[in-house]
Amino acid sequence: MAELRCLICGKTFDSAQSEAMPFCSPRCKQVDLGRWFDEKYGMPYEADEEETEAFARDGSTTQDDGT
Ligand SMILES: [Zn+2]
């Protein structure tokens, strides 16, 4: 039996009884997953804007030019 502390809610729990290691419960696991997604979709927002701008400047008139 090992006592761990849940990273999400800070509660201590018995690792042998957890259904969602390394969290104390499936709910906390879900919360962690949600945070991870938030980070993933929150960060590229700036880069995406920059990329769109560059694309508009450079490739606005891009068409199939010849063959
Ligand atoms: Zn927890």
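Residues numbered from 1 in each chain as written. Predicted model: local features only at pLDDT ≥ 70, side-chain atom pairs only at ≥ 80, totals over all residues. Heavy atoms only, no water.

(A) Summary view of the coordination of the zinc ion. Donor atoms from the polypeptide that bind the zinc ion are C6 (SG), C9 (SG), C24 (SG) and C28 (SG), placed at 2.3 Å. Relative to the metal, the four donor atoms surrounding the zinc ion lie at angles of 105 to 116°, and the coordination shape comes out tetrahedral. Read from N- to C-terminus, the donor residues coordinating the zinc ion fall into the pattern C-x2-C-x14-C-x3-C. Owing to a relative accessible area of 2%, C6 belongs among the buried residues under this scheme. (Donors = N, O, S within 2.8 Å, 3.2 Å for Na, K, Ca; no water. Tetrahedral: all angles 85-135°; square planar, octahedral: opposite > 155°, others 65-115°. Buried < 20%, exposed > 50% of the residue type's maximum accessible area, 1.4 Å probe, protein only.)

(B) Examining the environment of D32 more closely. Tracing the backbone shows D32 in helix α1 (residues 26-42). The exposure class assigned to D32 is partly exposed, which follows from its relative accessible area of 30%. Considering only alpha carbons, one finds D32 and L7, 25 residues apart in sequence, at a separation of 8.5 Å. (Helix = DSSP H or I, 4+ residues; strand = E, 2+ residues; numbered from the N terminus.)

(C) Here's a closer look at the nonpolar core. One finds C6, I8, F13, F23, C24 and C28 forming the largest nonpolar core, which totals six residues. Apart from residues no more than four positions distant in its own chain, F23 is found in contact with C6, L7, I8, F13, S18, C28, K29 and D32. (Core = buried A, V, L, I, M, F, W, Y, C linked by side-chain atoms within 4.5 Å. Contact = heavy atoms within 4.5 Å.)

(D) Inspection of the confidence of the model for the protein at higher detail. Per-residue confidence for the protein gives a mean pLDDT of 79, with 67% of residues at or over 70. Confidence scores differ between elements of the protein, with helix α2 (residues 44-59) showing the lowest mean pLDDT of 57 and strand β2 (residues 12-14) the highest of 96. (pLDDT = per-residue confidence, 0-100.)

(E) Representation of the packing of aromatic side chains. All chains considered together, the criterion is met by one aromatic pair. On the numbers, 5.8 Å between centres and 75° between planes, the contact of W36 with F37 is edge-to-face. On the basis of relative accessible area, W36 is assigned to the exposed category, the value being 52%. (Phe/Tyr/Trp six-rings, centres within 6.5 Å; stacked < 30°, edge-to-face > 60°.)

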